[in-house]
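Coordinates in review
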Amino acid sequence: MNYIYKFLFIAVAGLFVSCRFGTDDKNSLINAYLLSNGNVVCNSKAIKAYIISYENQQGRVPEQIALVEGTCMTLEHLPVLEDSGVYEFAGWYFNDKKISVGYRVSSKMNLTAFYKLKGDGHRFIEISDVENAGKTGLVPFRINAFETTFALWHSVYSWAVKRGYKFQNTGAAGSSGTTDKLDAFRYFPATSMTPQDAIVWCNAYSEKVGLKPVYYEDENFTKIIKDSSIITTGYPLKNPDGSIYYDSNGKEVIVSDGNLHNIYVDLTKNGYRLPTYDEWLYAAQGALRTDQDKNYKYSGSNTLEEVASLGSYHAVGMYKPNGAGTYDQTGNAAEFCLTDLTIGLYGAHYSNGTGNAADVDKYYSLYGSSKNLCGIINAYPQLCSFRYAQTIVK
C-alpha cells in the first residue's frame, strides 16, 4: 500500500555584535587592548567625552557608552548570551579575521564579537510524559530545541550531495538569500527548501551520524529516499480504463492534491524525521508540564516579546524557551510537520486556541487546504523552515 502523508508547516515569527571605536574629533585618541578573558580594555585620551557605539540586530546591548577623557573602562562582550546556555563567546573579529590577545585597537575601528551556537543548533528535548497530551497514538519522542540552523543544514547538505543525495533546492539562511557561505546569518533558520528536501535532509543527517533512516521508497523499507524529486505532491492522472495517462512527451501528468506521495515511513527506526503535528503542538505547549503551560497564550509566555519577534528572522534561541525547553515556536520561520492524519492542513504561529480560525488571533495563524499551502510554499520559499524529531526506540 502506498501511504499518503499530509504535510503542514507551523509559522513561528551567526550571531555578531559590532562595536565601533572612533570619533570625528581629530584631537581624540583611544587606546584599547584585547584581554585573554575576551574583554577589551579602553583608555581614553580624548579632549571630549568619547563614545563607543554598538550595533546589534537583536537589540540586547546599549546603543552607546560615553568614555570620559583620561579614564579607563572594560568593554565586555555579552554575558547575557552565555548565561542563556545557548551561545558561547568565540572571539573578537576585525575585517572578518579573528584578532589575538594583546591586539591594539586604534581609533575609528569596527570590532565584531562573534558568538557560537553550541552544537550548531543540535539539542534534543526528550518528551516522554505524553499521557498529558490526551492524544491517541502519541508516543515518547525527542524534538530539537531549535529550528534547523543554516549552519547545520549546510553541513549536512554538503556531506549528502557528495554521497549521492539529491535536493530540489540548496536552502538559504532566513530571508537573507545566503546559500553558499556561513556568515552573520549562519544561525538563522534554514529556509528555501520544500518538505521533500527536508525529508531527504533528515535521512542524510541520520546516515551521517550512524542512525537508521526513517523515510523509504518502498513498503518493505529497503530503499532509502535520497532524491527529493521522487516524492510528489499529487497522483498520476489516469485514463478511463484505469491505465496511467501520458502526455505527448511521454511523461505522467500529476494532479496535485497537496499530499506527499511515494513515501513510506518506518517509525521503528531511530533516525531523524519531521515531527507530526501533534508532537509539534505538544512541544509548543511546553509538554503541558504545568497548568500555566496549558494556559499560556504563546509558546512559553503570555507576553509575545518574551518569546518571539514577529515580522523578521533572527538567530535561533534568542528568546525565552517554553516549559519543555524549545525555542521560537511562536516566532521566527514557519515549520514543516508531517502526519498521516487525514484532517485538514494547518500552518500557524503557536497561539492558544481551539484550532478554529475564529478562536485564534489571525495575525499569528494561517489556515488553508493542503493544496493552498503547497502553493504558498512554492510562491514564498523563504517562509518555511523545520525542526527535526526522533522516535524513542527501545
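Conventions used here
- Residues numbered from 1 in each chain as written.
- Predicted model: local features only at pLDDT ≥ 70, side-chain atom pairs only at ≥ 80, totals over all residues.
- Heavy atoms only, no water.
- Helix = DSSP H or I, 4+ residues; strand = E, 2+ residues; numbered from the N terminus.
- Buried < 20%, exposed > 50% of the residue type's maximum accessible area, 1.4 Å probe, protein only.
- Areas by Shrake-Rupley, 256 points an atom, 1.4 Å probe, with all protein chains shown as cover.
- Salt bridge = Lys/Arg side-chain N within 4 Å of Asp/Glu carboxyl O.
- Core = buried A, V, L, I, M, F, W, Y, C linked by side-chain atoms within 4.5 Å.
- Pairing = 2+ DSSP bridges.
- Contact = heavy atoms within 4.5 Å.
- Axes fitted to C-alpha atoms, helices over the stretch in contact; angles between N-to-C directions.
- pLDDT = per-residue confidence, 0-100.
- Phe/Tyr/Trp six-rings, centres within 6.5 Å; stacked < 30°, edge-to-face > 60°.
- Polar contact = N/O pair within 3.5 Å; in protein donor to acceptor, adjacent residues only side chain to side chain.
- Parallel < 35°, antiparallel > 145°, perpendicular 65-115°, else oblique.

This part is about the overall build of the protein. A tally of helices and strands in the protein yields seven helices and 25 strands. Split into buried and exposed, the 394 residues of the protein put 49% on the buried side. Working note: accessible area of the protein is about 18100 Å², and carbon and sulfur atoms make up 49% of it.

Right, let's talk about the environment of Leu35 for a bit. Along the chain, Leu35 falls in the loop between strand S3 (30-34) and strand S4 (40-44). Sequence spacing of Leu35 and Ser100 is 65 residues, and the spatial spacing of their C-alpha atoms is 8.8 Å.

Here the focus is the pattern of salt bridges. Opposite charge on two side chains makes pairing possible when the charged atoms of those side chains draw close. Scanning all chains against the criterion turns up seven salt bridges. The residue Arg142 makes a salt bridge to Glu126 at a minimum N-O spacing of 3.3 Å. In this pair, Arg142 is assigned in strand S13 (residues 141-144) and Glu126 in strand S12 (residues 124-127), connecting sequence segments 16 residues apart. Residue classification places Arg142 among the partly exposed positions, given a relative accessible area of 22%.

Here we take up the nonpolar core. Among the nonpolar cores identified, the biggest contains 37 residues, and Tyr87, Trp92, Ile127, Phe141, Ile143, Tyr187 and Tyr282 are the most heavily contacted of them. Those elements that provide at least two residues to this core are S4, strand S8 (87-94), strand S11 (109-117), S12, S13 and helix H4 (277-284). The element contributing the most residues to this core is S11, with five residues. Tyr165, Ala173, Ala334 and Phe386 belong to the second-largest nonpolar core, a separate cluster that totals 34 residues.

The next point concerns the sheet that holds S12. Read from one edge of the open sheet, four strands run S12-S13-S25-S20, paired in antiparallel fashion. With one partner strand each, in any of the chains shown, S12 and strand S20 (272-273) form the two edges of the open sheet. Sheet analysis places S20 next to strand S25 (residues 389-391), joined by two bridges and oriented antiparallel. Within the sheet, the bridge partner assigned to Arg273 lies in S25 and is Ala389. In the packing of H4 onto the sheet, contacts are made with S12, S13, S20 and S25, and the angle to S13 comes to roughly 70°.

The next subject is the confidence of the model for the protein. Looking at the protein, the pLDDT average stands at 76 and 67% of residues meet or exceed 70. Within the model, pLDDT remains below 50 along residues 1-14, and this stretch shows 99 contacts once partners closer than five positions in the same chain are excluded.

Glancing now at the packing of aromatic side chains. For the structure shown, the criterion picks out 17 aromatic pairs. A ring pair is formed by Phe146 and Tyr327, whose centres lie 5.1 Å apart and whose planes are at 25°; its orientation type is stacked. Of this pair, Phe146 sits in the loop between S13 and helix H2 (150-161) while Tyr327 sits in the loop between helix H6 (304-307) and strand S21 (334-339), and the two are 181 residues apart along the sequence. The buried category is assigned to Phe146, whose relative accessible area is 1%. According to the relative accessible area criterion, Tyr327 is buried, its value standing at 5%. Ring centres 5.1 Å apart and planes at 80° place the aromatic pair Phe185 and Phe188 in the edge-to-face group.

The backbone of Phe221 sits at a positive phi, close to 60°, despite the residue not being glycine. With respect to the helices and strands, the residue Phe221 is situated in the loop between strand S16 (215-216) and strand S17 (232-236). Its identity as a non-glycine residue notwithstanding, Asp328 has a phi of 65°, on the positive side. Tracing the chain through its elements places Asp328 in the loop between H6 and S21. Residue classification places Asp328 among the buried positions, given a relative accessible area of 2%.

Attention shifts here to the pairing of S8. For S8 and strand S9 (residues 97-98), the ladder comprises two bridges, and the chain directions are antiparallel. Counterpart to Phe94 in the pairing with S9 is Lys97.

Okay, the side chain of Glu147 next. By the element assignment, Glu147 lies in the loop between S13 and H2. Among the polar contacts listed, one links the side chain of Glu147 to the side chain of Asn332, at a separation of 3.3 Å. Within polar-contact distance, the side chain of Glu147 engages the backbone nitrogen of Ala333 at 3.4 Å.

Let us look at the packing of H2 against helix H3 (residues 195-208). The geometry of H2 relative to H3 is characterised by a closest axis approach of 9 Å and an angle of 75° between their N-to-C directions. With respect to their mutual orientation, H2 and H3 come out roughly perpendicular. Contacts between H2 and H3 involve Leu152, Trp153, Ser155, Val156, Tyr157, Trp159 and Ala160 on the former and, on the latter, Asp197, Trp201, Ala204, Tyr205, Glu207 and Lys208.

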